[in-house]
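Summary of the model geometry
What follows is the residue order along each chain.
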Amino acid sequence: MSKVWFITGASRGLGRSFVEAALSRGDQVAATARTMASLDDLVTAYGDALLPLELDVTDKPAVFDSVKQAKEHFGRLDVIVNNAGFTQIGAVEELSEQELRDQMETNLFGAVWVIQAALPHLREQRSGHIIQLSSVAGIVAMPLVGAYHASKWALEGLNEALAGEVAAFGVKVTIIEPDAFATRDGDNPLDYGHMARMNPAYDELRQRLGTTAQQPTGDPAAAAHALLTLADTDDPPLRVLFGRDFYPMIQQAYADRLKTWTDWHGLSAQAHGPLDA
């Protein structure tokens, strides 16, 4: 049976590829974007199978209204894909309060509003799959993107808790952690995103990281087909990586964490206090 999707951040990048893949196999999609013009060609190609919705996910009432429109238009919702987001770049010291708040408003709170708007419908129909786009940046952290990491690490914890809350209603949750994908122009990841006002104290670090940056190699179309496979799986994972390049680094990061906790176990026990206390 075909599925009904609600996909945020559908104007470009992975979101656009997700919409195209779902439509191409005969599914129906409610696709949100900040500007409708970016979806005009898909409306022409797929007609009523696509419901384009102009949406800024930071606008909570608009999110609830968009989800309501999608449910009324298609009659049900099967897969919710929280994809909207952006990358705030800057050292922690460089970030303004507004930049940090804007990062969390879009990447974290926007996702929460979509989840809260969709869940009553999914609970009522006793089925559904919430798919959250996190990132490898939600597992490990690197300099100069602390705000982005903060938003993605928050999404990881939020959705893990959500999975335990909604399982009894037949609703599944999956956190996708993509590798780098070729969804933007430019070779240097520090060349895109929202840039904080730079402090010269971090120029050397910026130069060093820019020199070692690599061109993203992941294919968004391949990721989209992997998403279809995930959505069709009866027992999907809570977490899944999309891509292969960062897997060795993630393995090492978890091994290092376990080693550190083991090495410092004595201090950990000391901090707990005497066993007979």
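Here, the structure is the one placed above.
Presented here is an overview of the structure given in this document. Just so it is clear, the structure is predicted and the values come from calculations on it, not from any experiment. (Residues numbered from 1 in each chain as written. Predicted model: local features only at pLDDT ≥ 70, side-chain atom pairs only at ≥ 80, totals over all residues. Heavy atoms only, no water.)

The next subject is the overall build of the protein. Scanning the protein from terminus to terminus reveals 9 helices and 9 strands. By principal-axis analysis of the C-alpha atoms, the protein measures approximately 60 × 50 × 35 Å. Counting across all 277 residues of the protein, residues that qualify as buried make up 43%. For the protein, the computed accessible surface area is about 14500 Å², with 54% contributed by carbon and sulfur atoms. Side chains of the protein carry 22 positive and 36 negative charges; the gap between the two charge centres is 4 Å. (Helix = DSSP H or I, 4+ residues; strand = E, 2+ residues; numbered from the N terminus. Buried < 20%, exposed > 50% of the residue type's maximum accessible area, 1.4 Å probe, protein only. Areas by Shrake-Rupley, 256 points an atom, 1.4 Å probe, with all protein chains shown as cover. Lys, Arg positive; Asp, Glu negative; His and termini not counted. Charge placed at Lys NZ, Arg CZ, Asp CG, Glu CD.)

Turning our eyes to something else, we now look at the pairing of strand β2 (residues 28–33). Two faces, one strand: in a regular strand the side chains alternate between the faces of the sheet. Judged by how many residues are buried, β2 sits mostly within the fold: 5 of 6 residues are covered. As defined by bridge partners, strand β1 (residues 4–7) adjoins β2 across 4 bridges and the pair is classed as parallel. Paired with Val4 across the two strands is Gln28, which belongs to β2. Regarding topology, helix α1 (residues 13–24) serves as the crossover connection from β1 to the parallel β2, and that connection is right-handed. Note: β2 against strand β3 (residues 50–54), 5 bridges, orientation parallel. Note on β3: the bridge partner recorded for Ala31 is Pro52. The handedness of the β2 to β3 crossover, carried by helix α2 (residues 40–46), is right-handed. (Pairing = 2+ DSSP bridges. Right-handed = clockwise from strand over helix to strand, strands pointing away.)

Before going further, it helps to examine the sheet that holds strand β9 (residues 239–242). The parallel open sheet is built from 7 strands, whose spatial order is β3-β2-β1-β4-β6-β7-β9. Unpaired on one side and paired on the other, β3 and β9 mark the two borders of the sheet. Within the sheet, the average angular offset between the axes of one strand and its neighbour, ignoring direction, is 20°. (Axes fitted to C-alpha atoms, helices over the stretch in contact; angles between N-to-C directions.)

Time to look at the packing of helix α3 (residues 60–74) against helix α4 (residues 97–125). Two numbers describe how α3 lies on α4: the axes approach to 9 Å, and their chain directions differ by 35°. The two elements α3 and α4 meet at a crossing, and its hand is right-handed. Across the interface between the two elements, Lys60, Val63, Phe64, Val67 and Lys71 from α3 touch Trp113, Val114, Gln116, Ala117, Ala118 and His121 from α4. (Left-handed = near helix turned anticlockwise from the far one by under 90°. Contact = heavy atoms within 4.5 Å.)

Within this structure, the stated rule accounts for 1 aromatic pair. The interplanar angle of 40° and the centroid separation of 5.8 Å between the aromatic rings of Phe109 and Trp113 together place this pair among those described as tilted. Separated by 4 residues within a single helix, Phe109 and Trp113 lie in helix α4, roughly one turn from each other. Take Trp113: its relative accessible area is 15%, and that puts it in the buried class. For Lys60, the ring lying beneath its charged end belongs to Trp113, and the centroid distance is 4.5 Å. Over the ring of Tyr254 we find Arg257; its NZ or CZ atom is 4.9 Å from the centre of that ring. (Phe/Tyr/Trp six-rings, centres within 6.5 Å; stacked < 30°, edge-to-face > 60°. Lys NZ or Arg CZ within 6 Å of the ring centre and 35° of its normal.)

Once that is clear, we can look at α1. For α1, which comprises 12 residues, the first-to-last C-alpha distance of 17 Å matches the rise-based estimate of 16 Å (1.5 Å per residue) to within 8%. Counting buried positions along α1 gives 10 out of 12 residues, so the element sits mostly inside the fold. Taken together, the buried positions of α1 are occupied by Gly13, Leu14, Gly15, Arg16, Ser17, Phe18, Val19, Ala21, Ala22 and Leu23. Backbone geometry just after α1 places Gly26 at a positive phi near 100°. (Expected span 1.5 Å × (residues − 1).)

In this structure, Arg126 takes a positive phi of about 60° despite not being glycine. By secondary structure assignment, the location of Arg126 is in the loop between α4 and β6 (128–133). For Arg126, a relative accessible area of 49% translates into the label partly exposed. The backbone phi angle of Leu144 is positive, close to 80°, even though this residue is not glycine. On the basis of relative accessibility, which here comes to 5%, the residue Leu144 falls in the buried class.

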